[in-house]
Amino acid sequence: MGFRRKIVAGNWKMNNSLSDALALVDGIVANLDKHSTTKVIICPPFPFISPIKQHLKDLVKINLGAQNCSEHIAGAYTGEVSAQMLASVNCNYVIIGHSERRTYFNETNEQLTQKLKRALENNLSPIFCIGEKIEQRKNETHFTIVKDQLKNVLTHFSEKELKNLILAYEPVWAIGTGVNATTAQAQEMHAFIRKTISELFTTDFANGLSILYGGSCNAQNAKELFACADVDGGLIGGASLKAADFCTIVSSF
Ligand code: 13P
């Protein structure tokens, strides 16, 4: 499917000071293959988005994303950050439904639906995360779980509304563990996700959708994972904090 966009996104999670973050950006700029057609997105913590945007100026095409947004539009929600605020600092992407948010912050499908709505209203491209836990893979409910995660949120929207959607399959057992999904496991699930999307929407939409793999994806294994027919790139945690590794991953197609 040559027309699908190749994407590598770095999820920095809750790491780094501002000076570390700017140094990491400089390292990425220095190491990035300028001829690569892969879309590069970095998702720093909220306070660093605007400084990084200013630091980058028009130097290279590095896109900025947030790791979360509020399900509310605005108002008395202490500590929350709205999609509108993100858009106002030229942040163009937002991760929604990361397993750490689902697990540690008890984010429900209803909340994720609202978050997606807020993102779309503000022209942010959502990177919507799905993925099963280890016990679910062991008891072979992983396909049902992932299908439900997709269905319970995405069917509240039209295909047109979701035109900028990016999906990320992140098996929870692979996140931060050093145990990535095998190429067979990744391809099998990505193909299943694409089939599910084609059933919920249309085949055209499913075929044009970028589905990223995340979970211990690194400079060593990215090439074989990205070679899978239905894997269109990666959502990278730990390895996105090392400029050289992240740039190697960006060049791993
Ligand atoms: P790791 O790459 O550190 O396993 O994290 C993956 C992830 O959660 C990206 O969102």
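Let me sum up the structure you'll find in this document. (Residues numbered from 1 in each chain as written. Predicted model: local features only at pLDDT ≥ 70, side-chain atom pairs only at ≥ 80, totals over all residues. Heavy atoms only, no water.)

1. Structural notes on the overall build of the chain
- Along its length, the chain carries eleven helices and eight strands.
- The C-alpha radius of gyration computed for the chain amounts to 17 Å, which stays within 12% of the reference 18 Å derived for 253 residues, consistent with globular compactness.
- Once the C-alpha set of the chain is aligned to its principal axes, its extents read approximately 45 × 45 × 35 Å.
- Per-residue burial for the chain yields a buried fraction of 52% across its 253 residues.
- The contacts in the chain between residues at least 6 apart in sequence include a share of 73% that link residues at least 24 apart.
- Put simply, the chain shows about 11,400 Å² of open surface, and 52% of that area lies on carbon and sulfur atoms.
- Between the mean site of the 25 positive side-chain charges and the mean site of the 24 negative ones, the chain shows a separation of 3 Å. (Helix = DSSP H or I, 4+ residues; strand = E, 2+ residues; numbered from the N terminus. Rg over C-alpha atoms; globule rule 2.2 N^0.38 Å. Buried < 20%, exposed > 50% of the residue type's maximum accessible area, 1.4 Å probe, protein only. Contact = heavy atoms within 4.5 Å. Areas by Shrake-Rupley, 256 points an atom, 1.4 Å probe, with all protein chains shown as cover. Lys, Arg positive; Asp, Glu negative; His and termini not counted. Charge placed at Lys NZ, Arg CZ, Asp CG, Glu CD.)

2. Observations regarding the layout of surface pockets
- The volume enclosed by the largest pocket comes to roughly 420 Å³.
- K13, M14, Q67, N68 and R101 are the residues nearest the centre of the largest pocket, which is lined by 18 residues in total.
- Elements with a minimum of two residues in the lining of the largest pocket: α2 (46–56) and α4 (99–104).
- Per-element accounting of the lining of the largest pocket gives the leading share, three residues, to α2.
- When grouped by side-chain class, the residues that make up the lining of the largest pocket number eight nonpolar, six polar and four charged. (1 Å grid on protein atoms, 1.4 Å probe; cavity = no way out; pocket = protein on both sides within 12 Å on 5 of 7 lines; lining within 4 Å. Points joined across faces, edges and corners; volume = space filled by probe spheres on them. Nonpolar A, V, L, I, M, F, W, Y, C, P; charged D, E, K, R; others polar.)

3. A few points about the sheet that holds strand β5 (residues 125–130)
- Spatially, the eight strands close up into a barrel ordered β1-β2-β3-β4-β5-β6-β7-β8, and their pairing is parallel. Looking at each pair of strands side by side, their axes are set apart by 25 degrees on average, direction ignored.
- Where strand β2 (residues 39–43) lies against strand β3 (residues 63–66), two bridges are found, and the strand directions are parallel. Its bridge partner lying in β3, I42 is registered against L64.
- Contacts between helix α5 (residues 109–121) and the sheet are confined to β4 (93–96) and β5, with β4 contributing the most and set at about 175 degrees to the helix.
- Along the sheet, helix α7 (residues 142–154) contacts β5 and β6 (166–169); its crossing angle with β5, the most-contacted strand, is approximately 145 degrees. (Pairing = 2+ DSSP bridges. Axes fitted to C-alpha atoms, helices over the stretch in contact; angles between N-to-C directions.)

4. Focus: the pairing of strand β8 (residues 233–236)
- Side-chain alternation along β8 places G233 and L235 on one buried face and G234 and I236 on a second face that is also buried.
- As paired elements, strand β1 (residues 7–11) and β8 share four bridges and run parallel to each other. The residue bridging A9 from the neighbouring strand is L235, located in β8.
- The pairing of strand β7 (residues 211–214) with β8 spans two bridges and is parallel. Counted as the bridge partner of Y213 is G234 from β8.

5. Points about the packing of aromatic side chains
- Scanning the entire structure with this criterion turns up four aromatic pairs.
- Ring centres of F201 and F205 lie 5.3 Å apart, and the angle between their planes is 65 degrees; this geometry places the pair in the edge-to-face category.
- A relative accessible area of 10% places F205 in the buried class.
- We note R101 situated over the ring of F105; from NZ or CZ to the ring centre the distance is 4.0 Å. (Phe/Tyr/Trp six-rings, centres within 6.5 Å; stacked < 30°, edge-to-face > 60°. Lys NZ or Arg CZ within 6 Å of the ring centre and 35° of its normal.)

6. Describing α7
- Here α7 contains 13 residues, and its C-alpha end-to-end distance of 18 Å stays within 8% of the 18 Å for a straight helix at 1.5 Å per residue.
- Within the span of α7, buried status applies to H142, V146, Q149, L150, V153 and L154. The buried side chains of α7 occupy one side of the element, clustering within an arc of 90 degrees when seen end-on.
- On its buried face, α7 is in contact with α4, α5, β5, α6 (134–138), β6 and α8 (183–200). (Expected span 1.5 Å × (residues − 1). Arc of directions from axis to C-beta.)

7. Quick word on the site of the ligand
- Near the ligand, the surroundings consist of N11, K13, H98, E170, A174, I175, G176, G215, S216, L235, G237 and G238.
- Within the contact set of the ligand, an oxygen atom lies 2.7 Å away from a backbone nitrogen or oxygen of G176.
- G238 has a polar backbone atom sitting 2.8 Å from an oxygen atom of the ligand.
- In the complex, 94% of the free accessible area of the ligand, which totals 310 Å², lies under the protein chains.
- Broken down by class, the residue content of the shell around the ligand amounts to three nonpolar, seven polar and two charged. (Near = heavy atom within 4 Å. Polar contact = N/O pair within 3.5 Å; in protein donor to acceptor, adjacent residues only side chain to side chain.)

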